[in-house]
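Working through the structure, step by step
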Amino acid sequence: MATVLAQTARDDARLRFRVFTGLVIGLVAFLGARLVQMQIVDREQYTTEAEGNAIETKIVRPARGYIFDRHGTLLVDNETTVSVTVAPRYFDEADLPLVAELAGRPLDEVAARYAQITERSAYQEDVLLENVPFWTYARLQENQYRLRGINFREDQQRRYRGGARLTHALGFVNEINGDELDRMREQGYRLGDRIGKSGLEAEYEPVLRGRVGRAFVLKNVHGMEVEAYEGGEQDVAPQSGAALTLAVDATVQALAESLFVNKRGGAVMLDAKTGGIISMVSAPDFDLSIYRDGFTQAEVDFLYRNPEQPDFNRATQTSLPPGSTWKPFMAAVALEEGMIDEDTELYCGGGYRLGRLYRCHGGSHGNISVRRAIQVSCNTFFFRLMNDTFVNDRHPEGIRMDLDRWGMWANRFGFGQLAPLDLPNQKPGLIPDSAYYDRVFPAGWGPGYTVNLGIGQGNMGVSPLQLARYTAAIGNGGTLVTPHLVMAQTDPATGETRMPSRRRPQQIPIEPRNLQVVREGMELVVTAGTARVAQIPAFGDY
């Protein structure tokens, strides 16, 4: 009996061993077959999925620097917005209609933007829809699982505060274009970045931009962000751009802009001692916030098809004859050159005859000295300074205001050249010389072509900025100041403030007494002369 039981036990053990061995062999065979399928048969599919679950570097854009006026009033800051991005390597173009439907945008608009993105790069993620409302974000996020390659990004858009627009001084920010990207790629710029395109935003782009950060993220096969890589320990935080403090007084700027409503022109007010620009106006202007939300067709037409050219900065780019504002210049030069002194009287019989009669407004002024000539804006006096020959003790052989002398002094006062201004887009104006007249009037020219230069008319052109700078030089005793909008840059992290580098002011070689005589004449213009209506009472600090 014992023998039979022992044999039965051995048989059971053999059976269990065979069953176990069979199971192990079957499992190994199954795993081996599955491995073969994954490694060989479906290799391409799983390679693609493995690549999809990759670590990607995400650029974190810094906060752009704030802008304040001279009293600390906030003019420009940032507002956080949401943009929809697309990675073309993941995205199926057939899903564009669904994206357009969920976003409530015309398909043509979305398709055109996608075409721009793929034309620039078939691999790099870029902004498909900018500054979307919350409902758009919510609908797209709900359906993100159906839209491979669609992601979301927090952006910052410029926000403009206060009553002063400062359109042409501040300038605008917009997306970098292809040509700009080619030039600026080595500086760390990428597709979809926003850069300063005009005004201070362009001039101080490296300062305002700050330094970009980097975040490392895991993305799945659908191009969706899964999580931060290593909990974000390897991320590099962005550094915000520096804040700018302007010389502009926002209250004065708003007042000046209100005076130009429904008008066309430009004006500049600057500190005669420092050159700080207190106000700069160009009209017509426009609301800079239109660059935040995309243009309507009406806005495109207003900006780019408008004969009034609202994007043209008339404060710095205009080149027009200065008219009677030129007469103090003529007086100062004639005094300095010794053509006249402060008591010299010239006769005005109601006009100046040079081939024809060049009339003097206000009728005949009789014998008139320089202060009185400025006060009543006597054309004849300044025609004579431009064209007559003066013989006196200082110049017994005579002296005349020829074009070379006139042009040399115009240059010394900052005309005919770009001002050292921290703002792009200026025009040097026109201070003609003999070569200019030879080119424009090849048949010949003479004094009749240049006499009008004595009263700021004829073939010459200046800008409001140049006029403000020259007037400041007369007012401050002969210093040609360096005009500037930015007074200081402040690092937001350390609070350290520094002054931007700028060119030293230039001293015009002219006797203070001569400028004092001119100032006295200019004061008479607004107190008892031709510009009494333009007299402005003291305003605040000014």
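Only a predicted model underlies this, so the values are computations on that prediction, with no experimental measurement involved.

1. Things to note about the pattern of salt bridges
Under the counting rule described, the total for this entry stands at 24 salt bridges. Salt-bridge contacts for Glu 342 lead to Arg 371; the nearest nitrogen and oxygen are separated by 2.6 Å. Taken as a pair, Glu 342 in the loop between helix H13 (327–337) and strand E13 (346–348) and Arg 371 in helix H14 (residues 370–376) lie far apart in primary sequence, 29 residues in all. Note on Glu 342: relative accessible area 22%, which makes it partly exposed. Of the residues examined, Arg 371 reaches a relative accessible area of 18% and is grouped as buried.

2. Let's talk about a nonpolar patch on the surface
On the surface, Leu 27, Phe 30 and Leu 31 cluster together into a nonpolar patch covering about 330 Å² of accessible area. Locating Leu 31 in the fold gives a position in helix H1 (residues 2–41).

3. Focus on the pairing of strand E15 (residues 356–359)
Note: strand E14 (residues 351–354) against E15, four bridges, orientation antiparallel. Counted as the bridge partner of Tyr 352 is Tyr 358 from E15. Joining the antiparallel neighbours E14 and E15 is a turn of one residue, in which Gly 355 adopts a positive phi near 80 degrees.

4. Notes on the packing of H13 against helix H15 (residues 379–387)
Two elements in contact, H13 and H15, have axes separated by 10 Å at closest approach and are oriented at 50 degrees. Classified by the angle between their axes, H13 and H15 sit oblique to one another. For the crossing formed where H13 meets H15, the hand is left-handed. Only Asn 379, Phe 382, Leu 385 and Met 386 of H15 make contact with H13, whose side of the interface consists of Lys 327, Met 330, Ala 331 and Ala 334. Here the residues of the contact of H13 with H15 sort into six nonpolar, one polar and one charged.

Definitions and limits used
- Residues numbered from 1 in each chain as written.
- Predicted model: local features only at pLDDT ≥ 70, side-chain atom pairs only at ≥ 80, totals over all residues.
- Heavy atoms only, no water.
- Salt bridge = Lys/Arg side-chain N within 4 Å of Asp/Glu carboxyl O.
- Helix = DSSP H or I, 4+ residues; strand = E, 2+ residues; numbered from the N terminus.
- Buried < 20%, exposed > 50% of the residue type's maximum accessible area, 1.4 Å probe, protein only.
- Patch = residues over 30% accessible without salt bridge, like charges linked within 9 Å, V, L, I, M, F, W, Y side chains within 5 Å.
- Areas by Shrake-Rupley, 256 points an atom, 1.4 Å probe, with all protein chains shown as cover.
- Pairing = 2+ DSSP bridges.
- Axes fitted to C-alpha atoms, helices over the stretch in contact; angles between N-to-C directions.
- Parallel < 35°, antiparallel > 145°, perpendicular 65-115°, else oblique.
- Left-handed = near helix turned anticlockwise from the far one by under 90°.
- Contact = heavy atoms within 4.5 Å.
- Nonpolar A, V, L, I, M, F, W, Y, C, P; charged D, E, K, R; others polar.

Purely geometric numbers; function is a separate question.
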